[in-house]
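Architecture and fold: a report
Residue strings, one per chain:
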Amino acid sequence: MSIRSYPDHSELRGWHSKLGLRSALSGFALAMFLTNATPTLSDETCQSPYMPKITGEEEFVYVWTLGVEGLGDGSDKLVTIDVRKDSATFGKVIDADSVGGRGEAHHGGFTDDRRHFWAAGLDDSKIYIFDVATNPANPRLIKTISNFVEETGGAAGPHGAYALPGRMLISTLSNKSRDGRAALVEYSNDGKYVATHWMPTDKENGGAKIEKIADGYGYDARVLPRKNVMLTSSFTGLDNYMRPLGDLIKDANAMKKFGQTMVLWDFHARKPKQVFHVPGTPLEVRWAWGPYNNYAFTSTALTSKLWLVYEDKDGQWKAKEVADIGDPSKTPLPVDLSLSADDKTLFVDTFMDGMARVFDVSDPHKPKQIYEKKIGSQVNMVSQSWDGKRLYYTSSLLANWDKGGKDNEQFLKAYTWDGQELKPRFEIDFTAEKLGRPHLMSFGSASLYTN
Amino acid sequence: MLVSVLRTGLTLALLAFSFAALGHDVGSHKPAINTPKDSRLEFAFPLPVPGSYELPPIMNAAGGVVLDEEGAKHELADLLRDRIIVLAFIYTRCGDVCPMASLQLSALQDLATETPEVAHGVRLLSMSFDPDYDTPVVIKEHARIWRSQKKGAPEWRFLTAPDRVALAPLLVAYNQSIGPKSDKGSSTSEFYHIFRAFLIDRKGKVRNIYSLDFLDPKLVVTDIKTLLLEEKGAGR
């Protein structure tokens, strides 16, 4: 097991030249450190670069799971799966911590010391903080933030939980009016509110350069520290995402209320710089890892396109469509992305057809699909081990958007990837286990806290 | 001059050591690095204008009993008064991130001399979390290596704790998870830790938390200037 926390200090500034030989040499050393360290910044499923990562094999998979009425205790829960290959309980559920309610469990994330896992509810706007360090095989709920809407000044629908040094950055999807104006909210690691930054709109653009429109929607938020940029994407508000999908798509007016923008921020100042027009609802953001690879991928859910946001040779940041995902005319609905540590392979899930697609993105401007496999009747999240050899898939998108009847498969499926093919390792039926709808997966290991 | 040379030599030795350690983890997993074809090998980004952004309070800066380089006891809270503080948790036997951080702080100390208002308004504190080894004598020698000799440089104090009991609440207050590295066998000379430095205003509020990547001297000076401008205005 090899686990390290890497600083991704990157900004070698002109001050080195003013500090004489000692600093010049040290500056060179810093540059070398950067070049050597950056590849290891890649994390399982592209986690925050500010946290320690598991570069060997993960021991546990934590699955933030939506409760289903009448199934088990019906509550949202954090499910722990043992993936220690020599364990007697390998591939089995070894723990499930219910939170005592159903609030649309969706995304979450670890703090920068990876000792706590923050799990958010899209509907009830609660955030549950689990201690995963004391006993990584048995997470324990230690705190619940129940007044998120009030203390953030009206933000609602907490989504991602992204580690910053000593803080958590919560991207929201909505607000107390239940529409799509979203915010980025900061909390201290011990769960105290710090600040709210609203997404830019045409009327309140925060000084950003707007390509076509600033719609104010939010979804993902990810940072490229060495460039001091943060990229956010856009989805839709509470009224839409809590509505049954069948009803929603028949409502032309409601269907207009989806995000079509990505925002590039000055991360340190927390100020929006550019608003790109990315039609079709861009969701997950994945920055590349190479020290000179100044780009990120996203996929648009409604138009099934792969987009690249990149710093061009002229130093300007740009966004462009680079590939189709499946047949866009059939709306396969791409939902999650996972970029390999070497920036060469991109795993893309499409919910409607239950397909995993793999793209060769060695040339990020010209992705090529190299493989596809049907995972199930529906598939949503994908998590990749740091070495790219193990992939995990879960099935649920949103409680009211999942398929019905026999197509409502609820599973976690584990595979190995040898560069050419996904081969099954194990699977868990979350309905048979009376757990619920599995969504976000994050990896754990006891060695994180001693190594 | 001797100190300067020693500072350089020690830095390089420690950095070389850390590269060796890094090499183990980089392994054979080579990234698809796009090496730039021009000479712009910079990683710099434009700094915001001081005062053009906010640094919202994150938490209260905690106090506790500490020892200085002469072995004198202090209440840390007293050392946080009257100046804007940059507080870093380190240990002197650290083989990787701590010397990198000390290098950045030494550059910050030098850089601050260019702006007297900053130099007079800030105090650097390096706090050891290894009191068993980092006695006042040890941190005094450590300070001698890193501390700037430049005229007008801001104060940089090196601190340690009387013992682990006194240290414990400080570590909790600043969310510093420390433990012996398990892969080092019975030797506990190296610690698992995640480097963090804290920018603290004169009211004892933590206003920024830096990982090593953002402990850039110019960026920290920009943050210090932002706090100084805030003090001149309405304040918080």
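Reading the values: rules and limits
- Residues numbered from 1 in each chain as written.
- Chains lettered and ligands numbered in written order.
- Predicted model: local features only at pLDDT ≥ 70, side-chain atom pairs only at ≥ 80, totals over all residues.
- Heavy atoms only, no water.
- Pairing = 2+ DSSP bridges.
- Helix = DSSP H or I, 4+ residues; strand = E, 2+ residues; numbered from the N terminus.
- Contact = heavy atoms within 4.5 Å.
- Axes fitted to C-alpha atoms, helices over the stretch in contact; angles between N-to-C directions.
- 1 Å grid on protein atoms, 1.4 Å probe; cavity = no way out; pocket = protein on both sides within 12 Å on 5 of 7 lines; lining within 4 Å.
- Points joined across faces, edges and corners; volume = space filled by probe spheres on them.
- Nonpolar A, V, L, I, M, F, W, Y, C, P; charged D, E, K, R; others polar.
- pLDDT = per-residue confidence, 0-100.
- Patch = residues over 30% accessible without salt bridge, like charges linked within 9 Å, V, L, I, M, F, W, Y side chains within 5 Å.
- Areas by Shrake-Rupley, 256 points an atom, 1.4 Å probe, with all protein chains shown as cover.
- Salt bridge = Lys/Arg side-chain N within 4 Å of Asp/Glu carboxyl O.
- Lys, Arg positive; Asp, Glu negative; His and termini not counted.
- Charge placed at Lys NZ, Arg CZ, Asp CG, Glu CD.
- Buried < 20%, exposed > 50% of the residue type's maximum accessible area, 1.4 Å probe, protein only.

Residue and element names in this part refer to chain B. With mixed pairing, six strands are arranged side by side in an open sheet as 1-10-9-4-5-6. Looking at the sheet topology across the chains shown, the edges are occupied by strand 1 (59–60) and strand 6 (155–159). By the bridge criterion, five bridges tie strand 5 (residues 122–128) to strand 6 in an arrangement that is parallel. Bridge pairing in strand 6 links methionine 127 to leucine 159. Against the sheet, helix 3 (residues 97–112) touches strand 4 (84–90), strand 5 and strand 6, its axis set at about 155° to strand 6.

Right, let's get into empty space enclosed by the protein. Within this structure, the stated rule accounts for nine cavities of 30 Å³ or more. As a volume, the largest cavity reaches approximately 310 Å³. What lines the largest cavity is a set of 29 residues, among which Gln47, Gly108, Ala161, Arg222 and Leu440 of chain A lie closest to the centre. Contributing elements (two or more residues each) for the lining of the largest cavity: strand 6 (105–110), strand 10 (155–164), strand 11 (167–175), strand 15 (221–224), strand 19 (282–287), strand 27 (382–384) and strand 31 (437–444) of chain A. Among the elements that line the lining of the largest cavity, the one with the most residues is strand 10 of chain A, at five residues. Residue composition of the lining of the largest cavity, by class: 13 nonpolar, 11 polar and five charged. Space inside the second largest cavity adds up to approximately 170 Å³. What lines the second largest cavity is a set of 14 residues, and nearest its centre among them are Arg167, Phe267, His268 and Arg270 of chain A together with Asn208 of chain B. Broken down by element, the residue count for the lining of the second largest cavity peaks at three residues, all from strand 10 (residues 205–210) of chain B.

Here we come to the confidence of the model for chain B. On average, residues of chain B score 82 in pLDDT, and 77% of them reach the 70 mark or higher. The ipTM assigned to the predicted complex is 0.87, against a pTM of 0.89.

Residues and elements named next belong to chain A. Residues Glu409, Glu427, Asp429 and Glu433 make up a contiguous surface patch of negative charge. Among the secondary structure elements, glutamate 427 is positioned in strand 30 (residues 422–429). Look at glutamate 427 and you get exposed, because its relative accessible area is 56%.

What follows covers unusual backbone geometry. Residues and elements named next belong to chain A. Located in the positive-phi region is serine 125, a residue other than glycine, with phi close to 55°. With respect to the secondary-structure elements, serine 125 resides in the loop between strand 7 (116–121) and strand 8 (127–131). The buried category is assigned to serine 125, whose relative accessible area is 4%. The phi dihedral of lysine 434 falls on the positive side, at around 55°, and the residue is not glycine. With respect to the helices and strands, lysine 434 occurs in the loop between strand 30 and strand 31. Residue classification places lysine 434 among the exposed positions, given a relative accessible area of 51%.

All names here are of chain A. Mapping tryptophan 317 onto the fold places it in strand 22 (residues 317–324). Looking at tryptophan 317, the relative accessible area reads 6%, which means it is buried. The spacing of tryptophan 317 and phenylalanine 276 is 41 residues in sequence and 9.4 Å in space, taken between C-alpha atoms. With near-sequence residues (within four places) excluded, tryptophan 317 lies in contact with Leu224, Lys227, Val229, Leu264, Gln274, Phe276, Trp287, Asn294, Val309, Tyr310 and Glu311.

With that out of the way, let us pick up the pattern of salt bridges. Residues and elements named next belong to chain A. Counted by the stated rule, this structure contains 44 salt bridges over all chains. Here aspartate 82 makes a salt bridge to arginine 84, at a shortest N to O gap of 3.0 Å. Put simply, glutamate 311 and lysine 227 hold a salt bridge, and the shortest N to O gap is 3.3 Å. Of this pair, glutamate 311 sits in strand 21 (residues 305–311) while lysine 227 sits in the loop between strand 15 and strand 16 (229–232); the two residues are 84 residues apart in sequence, bridging distant segments of the chain. Here the salt bridges share partners, and the residues they tie into one network are Glu57, Glu58, Lys85, Asp387 and Arg390.

Attention shifts here to the sheet that holds strand 24 (residues 345–350) of chain A. Sheet strands pair by backbone hydrogen bonding; their relative direction is either parallel or antiparallel. All names here are of chain A. Strands sit in the order 23-24-25-26 across an open sheet of four strands; the sheet is antiparallel. Only two strands of the sheet have a single neighbouring strand rather than two, namely strand 23 (334–339) and strand 26 (368–374). Neighbour-to-neighbour, the strand axes of the sheet open up by a mean angle of 20°, direction not taken into account. With six bridges joining them, strand 25 (residues 355–360) and strand 26 adopt antiparallel strand pairing.

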